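These are the residues of each chain, in order.
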Amino acid sequence: MAENGADCDLPQKRVGSKESRNGNFTDASLREKKQADREERLSLVLWRKPFLTLQYSFLETLIILKEWTWKLWQRRGAVFLVIVLFTVFSMAYSIEGAHQKYVQYLEKKILWCAYWVGLGILSSVGLGTGLHTFLLYLGPHIASVTLAAYECGSVNFPEPPYPTQIICPEEEVVQDSISLWTIMSKVRLEACMWGAGTAIGELPPYFMARAARLSGAEPDDEDYEEFEEMLEQAQTAQDFATRAKLAVQNMVQKVGFLGILACASIPNPLFDLAGITCGHFLIPFWTFFGATLIGKAVIKMHIQKLFVIITFSKHIVEQMVSLIGAIPGVGASLQKPFRQYLEAQRTKLHNPAGDGTPAGENWLSWVFEKVVLVMVCYFILSIINSMAQSYAKRLQQRKYSEEKTK
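Residues numbered from 1 in each chain as written. Predicted model: local features only at pLDDT ≥ 70, side-chain atom pairs only at ≥ 80, totals over all residues. Heavy atoms only, no water.

Participant: Run through the packing of aromatic side chains, naming residues and quoting values.
Facilitator: Tallied over the entire structure, the rule returns 13 aromatic pairs. Plain terms: the ring middles of Trp112 and Trp116 are 5.5 Å apart, the flat faces sit at 90 degrees to each other, and that makes the pair edge-to-face. Here Trp112 and its partner Trp116 are both found in helix H5 (residues 100–124), 4 residues apart, which amounts to about one turn of the helix. Centroid distance Phe285 to Trp286: 5.0 Å. Interplanar angle 75 degrees. Geometry classified as edge-to-face. Each residue in the set Tyr206, Phe207, Phe285, Trp286, Phe288 and Phe289 is aromatic and connected to the rest through ring pairs, giving one cluster. Between the NZ or CZ atom of Arg76 and the centre of the ring of Trp73, over which it lies, the distance is 4.5 Å. (Phe/Tyr/Trp six-rings, centres within 6.5 Å; stacked < 30°, edge-to-face > 60°. Helix = DSSP H or I, 4+ residues; strand = E, 2+ residues; numbered from the N terminus. Lys NZ or Arg CZ within 6 Å of the ring centre and 35° of its normal.)

In structure tokens, the structure reads:
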């Protein structure tokens, strides 16, 4: 308890010592200047300053590539080992033999897992804004498997073309043989890999806060600054948002592994704060990552998967389509494309060539494709804006350093 108390007091002590050492950097004018710089930095977006944003984003990309190259050079032994292993696997992949079927199976599984892990990382890593890959990719995949399972009466879809395309198996199946557990088992690998990716994406806030605490440096990060201000004002917090953040921070700090597990196991927009808290209070890496991995890849993922499967089960879908038709005035016109879409999916499951597929299928497919395209484009734009703002932050920090040395 004494150690925890010392940890809690440490941010205030550090702030106080910082103010005593650098009084000229903590006055109101400097705070106003930093706030103005932050607002100027946040205004650096493509739709306001396109040329400057692109220039700064390109320069930041070059700096990051240079830093990564230097880090790889420092670990050239590990890099050489990876190159050797890659060369061996490439030779095994290209040489004909009885081992080819195992190589192809491993290739398929590894690429499939890497695809979902990558989407999970993109969902939570940030880079300006997260790409909602559950809504865009994993959720629709689980929904497609659910609809196909009830229509085909089986989840033994032919491979190939599954998972690229789902078609019903040719063998006879027993009707009403599909259970909730059967569908969950079919999509468990994809869901768990996606959840593991989201857990990996939570590591940057943890490492940032941990490095700042160990080095004593003050990173110019909005989330970290907000966290330290929240610690300073913990006793006087009144608004709901601050109290919710404090509740997450207290749970993670005091309960430890179980607190992190609880925060990671439910949809929680404040989980970035949990990562910062764990890093700031030097919670061991495997305690944080282990609890996050179990919470996101196992518990939370099964909750989300169960919700999607129940929502898209056969009788629920039919009820939802019927309810759409009951809307006064526009119900019939809205219900028609949904019925056509479902009928088109049934036709494709039994007739992969696509003969006789209703033209009404294109309406909903076109809308969903455009929504996916818009969200992916926005994600890319947010990355460009974030890179440009990071470079602007470098310039501002360089300016502060030059002023301090004068």
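Participant: Can you tell me about unusual backbone geometry, naming the residues and giving the values?
Facilitator: The linkage connecting Tyr162 with the following residue, Pro163, adopts the cis geometry, with an omega of 10 degrees. Relative to the helices and strands, Pro163 is located in the loop between helix H6 (133–152) and helix H7 (180–186).

Participant: Explain the layout of surface pockets to me, and be specific about the residues and the numbers.
Facilitator: The computed volume of the second largest pocket comes to approximately 1,400 Å³. Forming the walls of the second largest pocket are 37 residues, and the residues nearest its centre are Pro140, His141, Ser144, Tyr341 and Phe368. Those elements giving two or more residues to the lining of the second largest pocket turn out to be H5, H6, helix H15 (314–325), helix H16 (331–350) and helix H17 (361–405). Top contributing element to the lining of the second largest pocket by residue count: H6, with 10 residues. Along the lines of polarity and charge, the residues of the lining of the second largest pocket split into 27 nonpolar, 7 polar and 3 charged. (1 Å grid on protein atoms, 1.4 Å probe; cavity = no way out; pocket = protein on both sides within 12 Å on 5 of 7 lines; lining within 4 Å. Points joined across faces, edges and corners; volume = space filled by probe spheres on them. Nonpolar A, V, L, I, M, F, W, Y, C, P; charged D, E, K, R; others polar.)

Participant: Please give an account of the environment of Ile63 that cites residues and values.
Facilitator: Checked against the element boundaries, Ile63 lands in helix H3 (residues 50–74). Taking the relative accessible area as the measure of exposure, Ile63 reaches 25% and is therefore partly exposed. Those residues in contact with Ile63, other than ones at most four positions away along the chain, are Tyr391 and Arg394. (Buried < 20%, exposed > 50% of the residue type's maximum accessible area, 1.4 Å probe, protein only. Contact = heavy atoms within 4.5 Å.)

Participant: Now, about the state of the cysteines: what can you tell me, with residues and values included?
Facilitator: Per the stated rule, a full pass over the model turns up 1 disulfide. Paired through a disulfide, Cys152 and Cys168 show a sulfur-sulfur distance of 1.8 Å. Judged by the torsion about the S-S bond (-70 degrees), the Cys152/Cys168 disulfide is left-handed. Here Cys168 lies in the loop between H6 and H7 and Cys152 lies in helix H6, a separation of 16 residues in the sequence. (Disulfide = S-S within 2.5 Å.)

What is shown is where atoms sit, not what they do.
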